Amino acid sequence: MKKIVALLMAMCMMLALAGCGGNDAKKAAPKEKVKVSLGMLRLTSSAPLFIAMDKGFFTEEGIEIEPQWFDAAHPIAVSTASSKVNVGATGITASLYNMAANGQKLGIVADKGREQKGYSSSALLVTTDNFNKGVKTLKDIKGKRIGITSKGSTFQYMLGRILETQGMSLDDVQIVPLGKLSAVMAALESKQIDGCILNEPNITKVQKAGYGKLVVQVGDLIPYQTSAIFYSPEFMKNKDAATRFMKAYVKACNYYYEAAIEKKDAKKLDEVVNIVAKYVKSPAADIKLGLPYIDKNGKLLASDIDTQIKWYTANKLISGKLEAKDVAITSFQEAATK
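Note that the structure is a prediction, hence the values are computed from the model and not measured.

About the cut-offs
Residues numbered from 1 in each chain as written. Predicted model: local features only at pLDDT ≥ 70, side-chain atom pairs only at ≥ 80, totals over all residues. Heavy atoms only, no water. Helix = DSSP H or I, 4+ residues; strand = E, 2+ residues; numbered from the N terminus. Buried < 20%, exposed > 50% of the residue type's maximum accessible area, 1.4 Å probe, protein only. Contact = heavy atoms within 4.5 Å. Areas by Shrake-Rupley, 256 points an atom, 1.4 Å probe, with all protein chains shown as cover. Pairing = 2+ DSSP bridges. Axes fitted to C-alpha atoms, helices over the stretch in contact; angles between N-to-C directions. Core = buried A, V, L, I, M, F, W, Y, C linked by side-chain atoms within 4.5 Å. Salt bridge = Lys/Arg side-chain N within 4 Å of Asp/Glu carboxyl O.

S.K.: Before we go on, may I ask you to explain the overall build of the chain in this structure?
M.R.: In terms of regular secondary structure, the chain is built from 16 helices and 10 strands. For the chain, the spread of C-alpha atoms along the principal axes amounts to about 100 × 45 × 30 Å. Counting every position in the chain, which comprises 338 residues, the buried fraction comes to 54%. Considering only contacts within the chain whose residues lie at least 6 apart along the sequence, 79% involve residues at least 24 apart. Accessible area of the chain: about 15700 Å², with a carbon and sulfur share of 53%.

Have a look at this one:
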């Protein structure tokens, strides 16, 4: 009887070891390497992407990132919608919604920065001269020249929405489209405009340089999914690669959230700040002053996509019909967080 028991125990051990070996082999199986072209701007809201690139989170998932740097949001949306880049990371603009409304397939798949009360991301600034003359509130900018990148941009949307909180509208200011962020900042410095909407780290840069003063943070007035991760039509077809990309991104969002939002570990915060500073090419001290709110799991504020579409439509910046469900694709983020 003892021999039978011993034999049975030995067999169980062998089966268990075989099972473990099988699991190890499965875990160790190399993932198919996929090259992913990623279009983005050098902004702090791209922090999770920088972290995932720098710490090898994409590499762990078999994703080889080919970064493509842009100067404005619109070209990223166009390149992503046409599958010239696999993934786009930028602001959600009217041009993006217009493409979708006219049949162009593109997925808004994850959070990449939102306006949240208490966090610096986007703001209205005015020239120091105007500020010193008493232009210190939204109502004070009535009739003023306000610089934005382009019509239909996130900057125009934010300006319009925050003006509405004071019973005003875009008709109460002179909008000056200037194309690039650098051009907006240069126009503010040379006083060709009275104020502008900017995002970090540019808000901090302007204030430190002394030619602009902050009037109000956008996030203190409205919740807003300002920027996002987009998938191209072709990349969405490769569900395995698209999910693996998202897993790496979600891991980086977790890392960022713990460091920059929860701030439980000073060393981890400094590490994240230095990573972002390297890619944004700004001093770490500036980056630390303006870290935006990003959801811990990269979850999209999907309800706000509907708000945006309705606002752009009401302001005649979207031609055609579009519903949030046509562009807000949350399945990849949901699969990555299971």
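On we go.
S.K.: What is the right way to read the sheet that holds strand S8 (residues 195–199) from this model?
M.R.: Across a sheet, strands are paired by hydrogen bonds formed along the backbone, either parallel or antiparallel in direction. With mixed pairing, the five strands of this open sheet are ordered in space as S7-S6-S8-S5-S9. Two strands lie at the open edges of the sheet, namely strand S7 (174–177) and strand S9 (212–217), each paired on one side alone. Sheet twist, expressed as the mean angle between neighbouring strand axes with direction ignored, is 35 degrees. Across the sheet, helix H7 (residues 154–164) lies against strand S5 (122–127), strand S6 (145–148), S7, S8 and S9, angled at about 115 degrees from S8, the strand it touches most.

S.K.: Teacher, can you tell me more about the nonpolar core here?
M.R.: Nonpolar side chains tend to gather and get buried jointly when the protein is soluble and globular. Judged by nonpolar contacts, the single largest core of 63 residues is most densely connected at Tyr97, Ile108, Leu124, Ile141, Leu198, Ile305 and Tyr312. Contacts of Leu124, omitting those with residues within four sequence positions, involve Leu138, Ile141, Ile146, Ile162, Cys196, Ile197, Lys213, Leu214, Val215 and Val216. Residues Ile51, Ile63, Phe235 and Val273 belong to the second largest nonpolar core, which totals 51 residues.

S.K.: Got a minute to help me understand the pattern of salt bridges in this structure?
M.R.: Note on pairing: side chains with opposite charge can pair once their charged atoms come close. By the definition in use, this model includes 14 salt bridges. One salt bridge in this structure joins Lys278 and Asp54, with 2.4 Å as the shortest N-O distance. Of this pair, Lys278 sits in helix H12 (residues 266–280) while Asp54 is found in helix H2 (residues 47–54), placing the two residues 224 residues apart along the sequence. Note that Arg114 is salt-bridged to Asp111, the shortest N-O span being 3.6 Å. With respect to burial, Arg114 and Asp111 carry one shared label: buried.

S.K.: I would appreciate a short explanation of the pairing of strand S3 (residues 87–91) in the present structure.
M.R.: With five of five residues buried, S3 is to be regarded as a mostly interior element. Relative to S3, strand S1 (residues 34–40) runs parallel, the two being bridged by three bridges. Following the sheet pairing, Gly39 is matched in S3 by Gly88. Relative to strand S10 (residues 227–231), S3 runs antiparallel, the two being bridged by five bridges. Across the sheet, residue Ala89 finds its bridge partner in S10, namely Ile229.

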